[in-house]
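# Analysis of the macromolecular model
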Amino acid sequence: MKSKFIALLGLVILASCKQNKEAVQEKEVKKEFAVFGDSISNEKALTAAQMLAKYQTLKTGDTLAVKFTTKINEICQNKGCWMTLDLGQDQQAFVKFKDYGFFVPMNAQNREVVVEGKAFIEETPVAELKHYAEDEGKSKEAIDSIKTPKKELKFLAHGVLIAK
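To start, this report covers the structure provided alongside it. (Residues numbered from 1 in each chain as written. Predicted model: local features only at pLDDT ≥ 70, side-chain atom pairs only at ≥ 80, totals over all residues. Heavy atoms only, no water.)

## Here we look at the pattern of salt bridges
Taken as a whole and assessed by the stated rule, the structure comprises 6 salt bridges. In this structure, Glu128 and Lys96 form a salt bridge, with 3.6 Å as the shortest nitrogen-oxygen distance. With Glu128 in helix α3 (residues 126-136) and Lys96 in strand β4 (residues 91-97), this pair connects stretches of sequence that are 32 residues apart. By relative accessible area, Glu128 is classed as partly exposed at 23%. Residues Glu122 and Lys154 are paired through a salt bridge, measuring 2.9 Å at the closest nitrogen-oxygen approach. Note that Glu122 is positioned in strand β5 (residues 112-124) and Lys154 in strand β6 (residues 150-163), a separation of 32 residues in sequence. Its relative accessible area of 32% is what places Glu122 among the partly exposed residues. Since its relative accessible area comes to 4%, Lys154 is described here as buried. (Salt bridge = Lys/Arg side-chain N within 4 Å of Asp/Glu carboxyl O. Helix = DSSP H or I, 4+ residues; strand = E, 2+ residues; numbered from the N terminus. Buried < 20%, exposed > 50% of the residue type's maximum accessible area, 1.4 Å probe, protein only.)

## Notes on the packing of aromatic side chains
Scanning the entire structure with this criterion turns up 6 aromatic pairs. Taking 5.1 Å as the distance between ring centres and 85° as the angle between the ring planes, the aromatic pair formed by Tyr100 and Phe103 counts as edge-to-face. Here Tyr100 falls in the partly exposed class, since its relative accessible area comes to 47%. (Phe/Tyr/Trp six-rings, centres within 6.5 Å; stacked < 30°, edge-to-face > 60°.)

## As for the side chain of Thr70
Mapping Thr70 onto the fold places it in strand β2 (residues 63-75). Taking relative accessible area as the criterion, Thr70 reaches 11% and is therefore assigned buried. Within the structure, Thr70 has its side chain in polar contact with the backbone oxygen of Asp86 (distance 2.3 Å). Ignoring anything within four residues of it in the chain, the contact list for Thr70 reads Ala48, Leu85, Asp86, Arg111, Glu112 and Val113. (Polar contact = N/O pair within 3.5 Å; in protein donor to acceptor, adjacent residues only side chain to side chain. Contact = heavy atoms within 4.5 Å.)

That is the geometry; function is a separate question.
Listed below in structure tokens is the structure:
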């Protein structure tokens, strides 16, 4: 009788340990995000490396509806009206927001982000590059050194999630 009680007690302890472990794992997986623009989820988002591979298949004028997750490099310091996202291999995507309809916090650099929208490649004119350099707070010398248009990986987001 005593051995049955000990065996039963052991099973109860093992079951409770397993449940606690699962609860801890569930908490680790769930991240909280602030939502900007359309409400989107972080499910089935491509990685930065996968997104870079997709960009490498695009030509100027192509568009691709996609969702990916990465880290924020820079944000417009005037309003939060654009940001750059890390794609790895010293590449980044320049992100604007659909219809200029929302902005992101200006202090969200280095946070995890999920964006959903359209990826494309575009040649950015010199005047626009200088405007963005001003938004970043670059020096007059750095701004004046911009002399040629730049082919860029761009993204028009309709929804953004930023990790809290």
